[in-house]
Amino acid sequence: MPEKRIRVLIAKPGLDGHDRGAKVVARALRDAGMEVIYTGLRQTPEMIASAALQEDVDAVGLSILSGAHMSLVPRVLELLKANGQGEVCVFVGGIIPQEDAQVLLETGVSAVYGPGTPTTKVIADLRDALVAA
Amino acid sequence: MDLIEKAAAGDTLAISRLLSEVENDTPLGQRALDALYPRAGRAIIIGVTGPSGSGKSTLVNRLALALASNPEGNALKVGVLAVDPSSPFSGGALLGDRVRMRDLGTLPNVFIRSMATRGALGGLARAAEGAAQVLDAVAFGIIIVETVGAGQAEVDIARMAHTTVVVEAPGLGDDIQAAKAGILEIADVLAVNKADKPGAEATARSLRVMLEIGTEMMGKEGADDAARWQIPLVMTCALDGAGVDELKNAIWSHQRWLNAHGGMEARNRARASDALERAAREHLFREWRQGLRDDVYRAVVDEVVAHRISPRKALERLLKT
């Protein structure tokens, strides 16, 4: 019988071409029973927000290794809000310095994950954030 | 305004949320399908199917781009429903068709929705029909439905689409594969994709032979040549867009043929009666199952498990209780 499933968009904004981390998370979320929409490399914030809107996702995971997170992430948050999706849970994975992570969390990102984070933590955090909501 | 009215007025977020309600089969989703049905029935539904790796998504990217930027007549809104499989184990899914549809993501008149099969086996998502109906009702003139990678038996798309495009690629099978029943039989248009790859001509040749044999056999049965649709075979290369205009033209020719020969009416009738049958089956099953006590049901299942009675006999017994 059909039921509500958690839908998550996994996207790689910006120009770095390393998507192993994004694929690992996508695969782990799939195995946790979620529907993962994977968009591939080199997405602009506009493409990501448009995909989130059309796919009616509950969460957006951004994988960034390029160092451009301080411009890309706030832009995605802004576009989501403009589309009426301000409540969507946004999490970030990649190489993010501690002080930047703090700022991102303050601007509305739900979590920032560094290298070596167990996927079980990502899954548990998402479930907590979305099921409680 | 409620969600249904907002969607009907063209609000993208409302359309997207409504698709989720339909997909989750919620009371609101069911109400939306009832309310929107009278507004639907105008869209042209194009099915795209074929084996995994034949390039369906990349070709849909090109096709949708061509249809959205230069449709016949005025600018139409194009909806894409891209189906990928749900895991039978976790129920989760990795929906990756958007990776190939980069050119469509931010076009204002294109809407892409990825759908997981959620247990359906015919190559489509459980709610694909409902989702198409929502898009149809909110003024999408063309709806492209891309099935999961399909082999020989996933032919549900033919019941849903007005025009079914079967995408083949070189290196996937010999001429006996082309003669088997199933997916090739549902083609209104055949596309041999990856036409730049070695072996593409050979693949096209064996498919053409099958099409010719089919035509000859029907000729002997006395079918009227002029009234019969001749399945066109188009060579495409989705990566660089070669052949996409020919594919588009082949689809429009098929549409014109359907309209000229009453095929549209026949397909819509078959589809409506199919939908009614499916709704009846689900409803009657639910009613019947809810009227049965769990312990009674389980006891009969136990009998079947133990091979004391066959499933058919078990049903007879349950129908009498």
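Details of the structure are given in the entry above.
Rules behind the numbers
Residues numbered from 1 in each chain as written. Chains lettered and ligands numbered in written order. Predicted model: local features only at pLDDT ≥ 70, side-chain atom pairs only at ≥ 80, totals over all residues. Heavy atoms only, no water. Buried < 20%, exposed > 50% of the residue type's maximum accessible area, 1.4 Å probe, protein only. Helix = DSSP H or I, 4+ residues; strand = E, 2+ residues; numbered from the N terminus. Contact = heavy atoms within 4.5 Å. Core = buried A, V, L, I, M, F, W, Y, C linked by side-chain atoms within 4.5 Å. Domains from an automatic or database assignment. Pairing = 2+ DSSP bridges. Axes fitted to C-alpha atoms, helices over the stretch in contact; angles between N-to-C directions. Buried area = accessible area lost by both parts, 1.4 Å probe. Salt bridge = Lys/Arg side-chain N within 4 Å of Asp/Glu carboxyl O. Polar contact = N/O pair within 3.5 Å; in protein donor to acceptor, adjacent residues only side chain to side chain.

Engineer: I'm lost on helix H2 (residues 45-55) of chain A in this one. Help?
Structural biologist: Since there are 3.6 residues in each turn of an α-helix, residues three or four apart along the chain are aligned in direction. Burial of H2(A) is extensive: 10 of the 11 residues sit out of reach of the surface. If you check which residues of H2(A) are buried, you get Pro45(A), Met47(A), Ile48(A), Ala49(A), Ser50(A), Ala51(A), Ala52(A), Leu53(A), Gln54(A) and Glu55(A). Buried residues belonging to H2(A) abut strand S1 (7-11), strand S2 (35-38), strand S3 (59-64) and helix H3 (69-82) of chain A together with helix H2 (12-23) and strand S4 (110-116) of chain B. Among the residues trailing H2(A), Asp56(A) stands out with phi positive, at a value near 45°.

Engineer: Hey, could you run me through the nonpolar core in this one?
Structural biologist: As a rule of thumb, soluble globular proteins bury nonpolar side chains together. Residues and elements named next belong to chain B. In this structure, Ile-15, Leu-81, Leu-135, Ile-143 and Val-145 are the most contacted members of the largest nonpolar core, which totals 44 residues. For this core, the leading source of residues is helix H5 (residues 128-137), giving 6 residues. Residue contributions to this core reach at least three from each of two domains, namely domain 1 (1-39) and domain 2 (40-261). The residues touching Val-145, leaving out its near neighbours within four places in the chain, are Ile-45, Ile-46, Gly-47, Val-48, Leu-81, Leu-124, Ile-157 and Met-160. Judged by nonpolar contacts, the second largest core, of 30 residues, contains Val-60, Ala-82, Ile-142 and Ile-144.

Engineer: How should the sheet that holds strand S8 (residues 233-235) of chain B be read in this particular structure?
Structural biologist: Sheet strands pair by backbone hydrogen bonding; their relative direction is either parallel or antiparallel. Residues and elements named next belong to chain B. One open sheet holds the 7 strands; their spatial order is S4-S2-S5-S1-S6-S7-S8, and the pairing between them is parallel. Two strands in the sheet have a free side with no partner beyond their single neighbour: S4 and S8. Direction aside, the axes of adjacent strands within the sheet are offset by 20° on average. Contacts from helix H9 (residues 244-260) reach strand S1 (44-49), strand S5 (142-146), strand S6 (163-168), strand S7 (189-192) and S8, with the element oriented near 150° to S6.

Engineer: I keep staring at the interface of chain B and chain A and nothing clicks. Help me out?
Structural biologist: Interface size is often expressed as the accessible area that is lost when the parts come together. Listed as interface residues are 28 residues of chain B and, on the opposing side, 32 residues of chain A. Summing both sides of the interface, chain B and chain A together bury roughly 2600 Å²; the carbon and sulfur share of this comes to 49%. The largest contributions to the chain B side of the interface with chain A come from Leu94(B), Arg98(B) and Arg102(B), which together make up 22% of the buried area. Along the contact surface separating chain B from chain A lie 6 salt bridges. Of the charged contacts, one joins Glu35(A) and Arg118(B) as a salt bridge, the two residues approaching to 2.7 Å between their closest N and O atoms.

Engineer: Whenever I open this one, the side chain of Asp58(A) confuses me. Can you help?
Structural biologist: Residues and elements named next belong to chain A. Within the fold, Asp-58 resides in the loop between H2 and S3. By relative accessible area, which is 19% here, Asp-58 ends up buried. A distance of 3.3 Å separates the side chain of Asp-58 from the side chain of Lys-4, its partner in a polar contact. Only 2.8 Å separates the side chain of Asp-58 from the backbone nitrogen of Arg-7, close enough to count as a polar contact. In this structure, Asp-58 is in contact with Lys-4, Arg-5, Ile-6, Arg-7, Val-88, Cys-89 and Leu-130, ignoring residues within four places of it in sequence.

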